[in-house]
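So you can see what is in the structure, the chains are spelled out below.
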Amino acid sequence: MVLSIDQQAVNTIRVLSADVVKGANSGHPGAPMGCAPMAHVLFNKFMTFNPKNPKFINRDRFVLSNGHGCALQYCMLHLNGYNLSMDELKNFRQLDSKTPGHPESHDTEGIEVTTGPLGQGIANAVGLAAAEAHFSATFNKPGYELFDSNTFVILGDGCLQEGVSAEAISLAGHWKLGKLIALYDDNQITIDGSTEVSFTEDVLKRFESYGWHTQVVADGDNDLAAIEKAVQEAKLVTDKPSLIKIKTTIGYGSLLQGEEKVHGAPLSDADIKQVKEKFGFNPEEKYAVPQEVYDLYAARAQQGAKAEEAWNALFAKYATEYPQEAAEIQRRFSGKLPEGWEAALPRFTPADAPVATRKLSEGVLTALSSVLPELLGGSADLTGSNLTRWKQAVDFQHPSTNLGDYSGRYFRYGVREHGMFAIMNGLTAYGGNIPYGGTFLNFLTYGWGATRLSALSQLRVIYVMTHDSIGLGEDGPTHQPIETLVLTRATPNILTFRPADGNEVSGTYLVAIENQHRPSVVALSRQNLPQLEGSSIEAVRRGGYVLQDAENAKLILVATGSEVSLAVDAAKALAAEGIPTRVVSMPCTEIYDEQPEEYKQSVLSAGIPIISIEALGITGWDRYAHAHVGMRSFGASAPINALYNKFDITVDATVAKAKKVIAHFEKAGYVPQVGLDL
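The structure contained in this document is the topic of the report that follows.

1. Section: the overall build of the protein
Turning to step 1, where the next piece is worked out: Scanning the protein from terminus to terminus reveals 23 helices and 20 strands.
Turning to step 2, where the next piece is worked out: Its C-alpha atoms give the protein a radius of gyration of 28 Å, near enough to 26 Å, the size a compact globule of 678 residues would have.
Turning to step 3, where the next piece is worked out: Once the C-alpha set of the protein is aligned to its principal axes, its extents read approximately 95 × 60 × 45 Å.
Turning to step 4, where the next piece is worked out: Out of the 678 residues belonging to the protein, those deemed buried represent 62%.
Turning to step 5, where the next piece is worked out: Here the contacts in the protein between residues at least 6 apart in sequence split such that 77% fall between residues at least 24 apart.
Turning to step 6, where the next piece is worked out: For the protein, the accessible surface area stands at approximately 25,300 Å², while carbon and sulfur atoms represent 50% of it.
Turning to step 7, where the next piece is worked out: One way to put it: in the protein the 58 positive side-chain charges average out to a point 2 Å from where the 77 negative ones average out.

See below:
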């Protein structure tokens, strides 16, 4: 029987995926073997991309939401000519390879977003599609469809069971993102076995209720024409995102096909041999790709290269008619910031009135909105509390709603923290955007899975987290964060800011925006705080600095946020009793940790007792201080002053603690150095 070149390509993907997983003796062969037909149709019939320039601006984006099946994506990248050699496929899941156990965007060219934690990919894809819609509405002109690309997703039953996907899918329907097309691998298998045991909902009805266009392909194992027809029909629906339910057999071709056993373990040698015989391959040959299959994909890649050439010519013509817009596109996608943007940051003096740092943040965002057009704001239904929307902002909405349009830069995420965070990852991954989103600090952990991926993926996402301590008061311990900043400070490649006044708020945004490859968590107060003597915008670049010094200091108070002014008042009280005290503000411990040792010694100097003050959990502060004023329990529901008194976060309590600490070390005869990392 003579196979068509398309069927031969599909079989190649199946066999190659099995070999890749077997070579590592680890991984997931079932999804790649089952999804091979839909992946082939997408890459060979629909997607526009250029493997020689994976960052071609108007490329179609592909997301493998069920990232455990990444052998499929790696095979597709290799076959299409990306910088992923056969040796890298043979090095699957090995140290320092370009083929890690789940797709990582910073490791492998052609991977748009990091997936693996289920549900994140489809949520990221919503962000990618929203970004395309935004750029299209902002920059396209008559005759110049510069931004005209699709976002394609493959996702599985696991993705649809995760709550983050429901949040993002709901928003995609509300936003009417017609260029988002999801292919649902309906193999009816999860790790526990058949989906009959836990997942029996009508997925299509759910998506239809969310405002999606839906279709079904009955035979996703063999009917390439039906898959192609469904994708083509989905592309014609421009006012709804599309879901195509494709019924597949997990591990198609394996002796274990259709069973959970083929999900997460390599096939046996005997099974792989019979798979190869079944699909017309030499059972003794490994990692085999027929030349005609390479040629097929090379031809498609060449079409993509020509599409980029045509786009570049169109862009050059666009630049002659719209030079300002063209320059803005180039600047944003190069990652450069506008010249002198930081001059817009507000500055303060001690003569200025006390203001809550969340309100100061609103002032900064308002000031930056006109000089940083890539700044995209939003909130999880707490706009009036987070103060994240500048007055002239236009909402990102489908024009038919009369609530805004796609050129809008403010996103109403609704009560969907996790979805918001994951969508912001997609907005960033698209390129040319700096998104921020607001909620209460305590609800950061509602969406922590996405925040962690911001850090792992090196994405500049700004988390504007207000109501940052027990200082929020009467809402009580359900809303008062205690452990949250312990988590963020313990997470690699994330910056945690807790600014103390207006200058530090401006400095926080300065540093967060300058750090292109790190997300930032910005913890902001509900209560008013004074403008401090000694603070500055630029000092935040040091992470921690001496706010107010004292000659021959006998004590150092290091504090963050709302407790810095408390430290200043405590230092005055101690000075009145003959105890000269240095006050250190520590808006960002991670930035401070990166400073030269000599500088750090000038701030938290050896031989002087140090007390930390922060109205959150004390865990982690032993790296910087010998003793602590802070929280060792959950908070309580009460007015702010009552809470600070109850938990001994006051000037009097700090003075008493200071005397006790000084006496302790005088008796001991030495003061141990903090922060040693030998």
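2. With respect to the nonpolar core
Turning to step 1, where the next piece is worked out: Counting residues in hydrophobic clusters, the biggest one holds 71 residues, and the most contacted among them are L155, W175, L177, L180, W212, L243 and Y413.
Turning to step 2, where the next piece is worked out: Considering every element that reaches this core, the biggest residue donor is helix 5 (residues 120-139), with 11 residues.
Turning to step 3, where the next piece is worked out: Here W175 is in contact with V126, F396, Q397, H398, Y406, F411, R412, Y413 and I423, once residues within four sequence places are set aside.
Turning to step 4, where the next piece is worked out: Counting residues in hydrophobic clusters, the runner-up holds 51 residues, among them I482, A625, V629 and M631.

3. As for unusual backbone geometry
Turning to step 1, where the next piece is worked out: One non-glycine residue, Q188, lies in positive phi territory at about 60 degrees.
Turning to step 2, where the next piece is worked out: One can find Q188 in the loop between strand 3 (180-186) and strand 4 (189-190).
Turning to step 3, where the next piece is worked out: For Q188, a relative accessible area of 42% gives the class partly exposed.

4. Regarding the pairing of strand 2 (residues 151-156)
Consecutive side chains along a regular strand alternate between the two faces of the sheet.
Turning to step 1, where the next piece is worked out: Among the six residues that make up strand 2, six are buried, leaving the element largely enclosed by the rest of the structure.
Turning to step 2, where the next piece is worked out: Along strand 2, one buried face is formed by T151, V153 and L155 and the opposite face, lined by F152, I154 and G156, is buried too.
Turning to step 3, where the next piece is worked out: Relative to strand 2, strand 1 (residues 61-64) is paired through four bridges, and the arrangement is parallel. Its bridge partner lying in strand 2, V63 is registered against V153.
Turning to step 4, where the next piece is worked out: Relative to strand 3, strand 2 runs parallel, the two being bridged by six bridges. By the bridge assignment for strand 3, L155 is matched with Y184.

5. Regarding the pattern of salt bridges
Turning to step 1, where the next piece is worked out: Evaluation of the coordinates by the stated rule reveals 27 salt bridges.
Turning to step 2, where the next piece is worked out: Notably, a salt bridge pairs D269 with K22, separated by 3.7 Å at the nearest N-O pair. A residue pair is termed long-range when its members are at least 10 positions apart, and D269 in helix 10 (residues 269-278) and K22 in helix 1 (residues 5-24) qualify at 247 residues.
Turning to step 3, where the next piece is worked out: The exposure class of K22 is partly exposed, given its relative accessible area of 26%.
Turning to step 4, where the next piece is worked out: Linking R518 and E594 is a salt bridge whose minimum nitrogen-to-oxygen distance equals 2.5 Å. Of this pair, R518 sits in the loop between helix 18 (502-514) and strand 14 (520-523) while E594 sits in the loop between helix 20 (589-593) and helix 21 (597-603), placing them 76 residues apart in sequence.

6. Side note on the packing of aromatic side chains
Turning to step 1, where the next piece is worked out: All told, the structure shown has 31 aromatic pairs when counted by the stated rule.
Turning to step 2, where the next piece is worked out: Here F135 and F139 contribute two aromatic rings whose centre-to-centre distance is 5.8 Å and whose plane-to-plane angle is 20 degrees, an arrangement assigned as stacked. Residue F135 and its partner F139 are located together in helix 5, separated by four residues, close to a single helical turn.
Turning to step 3, where the next piece is worked out: The class for F135 is buried, based on a relative accessible area of 0%.
Turning to step 4, where the next piece is worked out: Centroid distance F396 to Y406: 5.1 Å. Interplanar angle 20 degrees. Geometry classified as stacked. Placement of F396 in the loop between helix 14 (383-386) and strand 10 (410-412) and of Y406 in the loop between helix 14 and strand 10 is noted, with a sequence separation of 10 residues between them. Residue F396 shares its accessibility class with Y406, and that shared class is buried.
Turning to step 5, where the next piece is worked out: Connected via pairs of aromatic rings, a cluster forms that spans F56, Y144, W311, F315, Y318 and Y322.

7. Here's the deal with the packing of helix 5 against helix 7 (residues 163-175)
A packed helix pair is summarised by two numbers, namely the angle formed by the two axes and the spacing between the axes.
Turning to step 1, where the next piece is worked out: Contact geometry for helix 5 and helix 7: axes closest at 8 Å, N-to-C directions at 25 degrees. Regarding the angle of helix 5 to helix 7, the classification is roughly parallel. Along this stretch, helix 5 crosses helix 7, giving a crossing that reads as left-handed. Side by side, helix 5 and helix 7 meet where Q120, I122, A123 and V126 of the first sit next to V164, S165, A168, I169, A172 and W175 of the second.

8. A word on the sheet that holds strand 7 (residues 242-247)
Turning to step 1, where the next piece is worked out: Strand order in this open sheet of five strands is 1-2-3-7-6, and the pairing throughout is parallel. The open sheet has two edge strands, strand 1 and strand 6 (213-217), and neither has a second partner. Strand-to-strand twist across the sheet, computed as the mean angle between neighbouring axes with direction ignored, equals 15 degrees.
Turning to step 2, where the next piece is worked out: Bridge analysis of strand 6 against strand 7 gives five bridges, and the strand direction is parallel. Opposite V216, over in strand 7, you have K245 as the bridge partner.
Turning to step 3, where the next piece is worked out: Across the sheet, helix 2 (residues 30-46) is in contact with strand 1, strand 2, strand 3 and strand 7; its angle to strand 2 comes to roughly 180 degrees.
Turning to step 4, where the next piece is worked out: Those strands touched by helix 5 are strand 1, strand 2 and strand 3, and its axis lies near 165 degrees from that of strand 2.

9. Some thoughts on the packing of helix 7 against helix 15 (residues 417-430)
Turning to step 1, where the next piece is worked out: It is at 8 Å that the axes of helix 7 and helix 15 come closest, and there the two elements cross at 70 degrees. By the angle between their axes, helix 7 is roughly perpendicular relative to helix 15. Two secondary-structure elements touch here, helix 7 through V164, E167, A168, L171 and W175 and helix 15 through E417, H418, G419, A422 and I423.
Turning to step 2, where the next piece is worked out: Taken together, the residues of the contact of helix 7 with helix 15 break down into six nonpolar, two polar and two charged.

10. Overview of helix 5
Turning to step 1, where the next piece is worked out: Taking 1.5 Å per residue as the helical rise, helix 5 with its 20 residues ought to reach 28 Å, and the 28 Å between its terminal C-alpha atoms agrees with that figure.
Turning to step 2, where the next piece is worked out: Among the 20 residues of helix 5, 18 are classified as buried, and the element is accordingly described as predominantly covered.

11. Considerations on the side chain of T496
Turning to step 1, where the next piece is worked out: Structurally, T496 can be placed in strand 13 (residues 495-497).
Turning to step 2, where the next piece is worked out: When its relative accessible area of 1% is taken as the criterion, T496 is described as buried.
Turning to step 3, where the next piece is worked out: Separated by 2.9 Å, the side chains of T496 and T488 make a polar contact.
Turning to step 4, where the next piece is worked out: Here E590 takes part through its side chain, which lies 2.9 Å from a polar atom of the side chain of T496.
Turning to step 5, where the next piece is worked out: Here T496 is in contact with L485, T488, R489, V521, P587, C588, T589 and E590, once residues within four sequence places are set aside.

About the cut-offs
Residues numbered from 1 in each chain as written. Predicted model: local features only at pLDDT ≥ 70, side-chain atom pairs only at ≥ 80, totals over all residues. Heavy atoms only, no water. Helix = DSSP H or I, 4+ residues; strand = E, 2+ residues; numbered from the N terminus. Rg over C-alpha atoms; globule rule 2.2 N^0.38 Å. Buried < 20%, exposed > 50% of the residue type's maximum accessible area, 1.4 Å probe, protein only. Contact = heavy atoms within 4.5 Å. Areas by Shrake-Rupley, 256 points an atom, 1.4 Å probe, with all protein chains shown as cover. Lys, Arg positive; Asp, Glu negative; His and termini not counted. Charge placed at Lys NZ, Arg CZ, Asp CG, Glu CD. Core = buried A, V, L, I, M, F, W, Y, C linked by side-chain atoms within 4.5 Å. Pairing = 2+ DSSP bridges. Salt bridge = Lys/Arg side-chain N within 4 Å of Asp/Glu carboxyl O. Phe/Tyr/Trp six-rings, centres within 6.5 Å; stacked < 30°, edge-to-face > 60°. Axes fitted to C-alpha atoms, helices over the stretch in contact; angles between N-to-C directions. Parallel < 35°, antiparallel > 145°, perpendicular 65-115°, else oblique. Left-handed = near helix turned anticlockwise from the far one by under 90°. Nonpolar A, V, L, I, M, F, W, Y, C, P; charged D, E, K, R; others polar. Expected span 1.5 Å × (residues − 1). Polar contact = N/O pair within 3.5 Å; in protein donor to acceptor, adjacent residues only side chain to side chain.

On their own, these measurements won't tell you what the molecule is for.
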